[in-house]
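# Breakdown of the fold
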Amino acid sequence: MEEVRASSAWVAGHSSHVTVDSSGIEKVAESIKDSIPKVEWDYEGIHYFDNGPLTVQYLFVLDALNFCFWPDKDLSYDHLASGLKAALQNDKSVFDVDRLQKYTGRELRELLKWPKPLPLEDERVRLMHEIGLELERSFEGKASNMVESCGKSAAKLVALIARHFPGFRDHTVYKGHQVFLYKRAQIFAADLWGAFKGQNYGEFDDIGSVTIFADYIVPAVLQQLGVLRYSSALASSIESNCELGSGSEEEVELRACSIYAVEKMRDLIRKKSGKQVLSVELDLWLWSLGVQCPSLHHHRTLSIYY
Ligand SMILES: Nc1nc2c(c(CN[C@H]3C=C[C@H](O)[C@@H]3O)cn2[C@@H]2O[C@H](COP(=O)(O)O)[C@@H](O)[C@H]2O)c(=O)[nH]1
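Presented here is a report on the structure given in the accompanying data block. Model, not experiment: these values are computed from the prediction.

Moving on, we come to the overall build of the chain. The helix and strand tally for the chain stands at 14 helices and four strands. The C-alpha radius of gyration computed for the chain amounts to 19 Å, which stays within 12% of the reference 19 Å derived for 306 residues, consistent with globular compactness. Considering only C-alpha atoms, the chain reaches an extent of 50 × 40 × 35 Å along its principal axes. The proportion of buried residues among the 306 residues of the chain is 57%.

Here is the structure:
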């Protein structure tokens with residue numbers, strides 16, 4: 001994850017459309033330093049959990065599909081999670097690798113009980129096939145074997161996932177520099193840590209190395225908190241729901257500056273209060289603020305990464 005941190009800092013230092021406001025960071029850090037808001041993982045009650053390897057398989061399928069819900073205004077992440085949970089409760093073999101490799105768009109919709117085509121449905125199906133095939137080829141069909149092979153290191157897990165699964169290679173080139181964001185790979189490690197409460201498949205000695213997950217909710221929350229400032233052109237294009245191209249300077253800056261800003265916030269909280277806070281914990285707090293605010297205006301990019 002060092003490459004996520006370093007390349008995000010590089011973007012923040014060269015950005016043209018998004019500014020990280022240090023006084024905004026200071027204010028937020030000051031307001032939470034004495035009681036860092038703890039948000040319970042699965043406070044929504046939408047996730048499958050059985051304390052075993054099937055939960056790991058569920059989380060890996062979930063995070064393979066954990067992107068781009070906004071084009072359908074009725075659809076949200078909750079539908080994906082609770083749909084996969086219900087499907088698994090109904091049939092323990094739905095995420096077996098031979099089945100993952102065969103789903104069609106229509107079957108995925110049926111699995112989720114979603115009445116219309118999903119956004120980027122072809123990509124979602126392709127990514128299910130991709131994880132099915134590679135889990136079978138390299139991990140005896142089990143995401144839990146992949147996790148076990150990482151010896152309690154989230155950094156190793158993220159690197160291993162990026163190596164084996166092209167769909168998780170969330171990176172881009174910005175002003176000639178390669179930038180790594182790894183949203184879905186990192187959120188998978190964090191989901192394991194949250195679901196298993198830091199034990200068993202969720203035990204990582206280096207959970208502190210995980211950054212926030214640069215999606216479309218967290219940047220919008222950081223802007224509302226005064227941590228990020230947008231150029232007037234960017235602010236008005238987000239306000240008017242214009243699509244930002246995947247890999248555009250604006251899009252990369254929104255995501256990378258969010259990561260950088262929260263790393264700064266975390267350093268500041270540590271300095272002010274002496275307390276260690278994890279980016280994963282700050283992320284869940286910020287994200288939960290965002291999804292509870294229906295008027296939140298976020299940027300719109302068609303992407304398979306977030
Ligand atoms: N940064 C960050 N982004 C997150 C999550 C989560 C869910 N995390 C689970 C873990 C524990 C909790 O209890 C949650 O159940 C989803 N997302 C992103 O949000 C977007 C969905 O938005 P909407 O269209 O409104 O549903 C989409 O890009 C999705 O990928 C998170 O935690 N952090």
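What follows covers the environment of S76. As for its position among the elements, S76 is in the loop between α3 (53-64) and α4 (77-90). Along the sequence, S76 and V291 sit 215 residues apart, while their C-alpha atoms lie 9.7 Å from each other.

According to the stated counting rule, one finds zero disulfides in the structure shown. No disulfide involves C293; its sulfur sits 20 Å from that of C68, the nearest cysteine.

Bridge analysis of strand β2 (residues 171-174) against strand β3 (residues 177-180) gives four bridges, and the strand direction is antiparallel. When the sheet's bridge partners are listed, H171 is paired in β3 with F180. Hairpin connection of β2 to β3: two residues between the antiparallel strands, including K175 at a positive phi of 45 degrees.

This brings us to the packing of α3 against helix α10 (residues 183-195). Here α3 crosses α10 at 145 degrees, and the two axes come no closer than 9 Å. Seen from above, α3 lies across α10 with right-handed handedness. On α10, the residues touching V56, L59, F60, L62, D63 and A64 of α3 are R184, I187, F188, D191, L192 and A195.

On to the pattern of salt bridges, then. With the rule as written, the count across this model stands at 22 salt bridges. Notably, a salt bridge pairs K33 with E30, separated by 3.0 Å at the nearest N-O pair. Taking the shortest distance from any N to any O, the salt bridge between D170 and R255 comes out at 2.8 Å. Residue D170 is found in the loop between α9 (154-164) and β2, and its partner R255 is found in helix α13 (residues 249-273); the two are separated by 85 residues along the sequence. Each member of the pair, D170 together with R255, is buried. A single network of salt bridges, built from pairs that share partners, joins E26, E30, K33, D34 and K272.

This part takes up the nonpolar core. One finds F60, M146, L157, F188 and L192 to be the most contacted residues of the largest nonpolar core, which totals 113 residues. For this core, the element with the highest residue contribution is α13, accounting for 10 residues. In contact with L157, not counting residues within four places along its chain, are M146, V147, C150, F188, A189, L192 and F204.

Residue placement: K85 occurs in helix α4. No salt bridge is formed by the buried K85; the nearest opposite charge belongs to D42, separated by 5.7 Å. Ignoring anything within four residues of it in the chain, the contact list for K85 reads G45, I46, H47, Y48 and Y58.

Once that is clear, we can look at the site of the ligand. Neighbouring the ligand are 21 residues, the closest being E44, N66, K183, Y216 and D283. At 2.5 Å, a side-chain N or O of N66 approaches an oxygen atom of the ligand. Contacts to the ligand include F213, whose backbone N or O atom sits 2.9 Å from a nitrogen atom. Here the ligand loses 94% of its free accessible area of 670 Å² to cover by the protein chains. Under a 2 Å grid-point criterion requiring more than half of the atoms, the pocket assigned to the ligand is the largest pocket. The set of elements that each furnish at least two residues to the shell around the ligand consists of α10 and α14 (279-291).

This brings us to the packing of aromatic side chains. Per the stated rule, a full pass over the model turns up 12 aromatic pairs. For the ring pair F69 and Y77, a centre distance of 6.2 Å and an interplane angle of 80 degrees mean the geometry is edge-to-face. There is no split in this pair, since F69 and Y77 are both buried. For the pair F165 and F168, a centre-to-centre distance of 6.2 Å together with 70 degrees between the ring planes defines the contact as edge-to-face.

The rules behind these values
Residues numbered from 1 in each chain as written. Predicted model: local features only at pLDDT ≥ 70, side-chain atom pairs only at ≥ 80, totals over all residues. Heavy atoms only, no water. Helix = DSSP H or I, 4+ residues; strand = E, 2+ residues; numbered from the N terminus. Rg over C-alpha atoms; globule rule 2.2 N^0.38 Å. Buried < 20%, exposed > 50% of the residue type's maximum accessible area, 1.4 Å probe, protein only. Disulfide = S-S within 2.5 Å. Pairing = 2+ DSSP bridges. Axes fitted to C-alpha atoms, helices over the stretch in contact; angles between N-to-C directions. Left-handed = near helix turned anticlockwise from the far one by under 90°. Contact = heavy atoms within 4.5 Å. Salt bridge = Lys/Arg side-chain N within 4 Å of Asp/Glu carboxyl O. Core = buried A, V, L, I, M, F, W, Y, C linked by side-chain atoms within 4.5 Å. Lys, Arg positive; Asp, Glu negative; His and termini not counted. Near = heavy atom within 4 Å. Polar contact = N/O pair within 3.5 Å; in protein donor to acceptor, adjacent residues only side chain to side chain. Areas by Shrake-Rupley, 256 points an atom, 1.4 Å probe, with all protein chains shown as cover. 1 Å grid on protein atoms, 1.4 Å probe; cavity = no way out; pocket = protein on both sides within 12 Å on 5 of 7 lines; lining within 4 Å. Sits in = over half its atoms within 2 Å of the grid points. Phe/Tyr/Trp six-rings, centres within 6.5 Å; stacked < 30°, edge-to-face > 60°.

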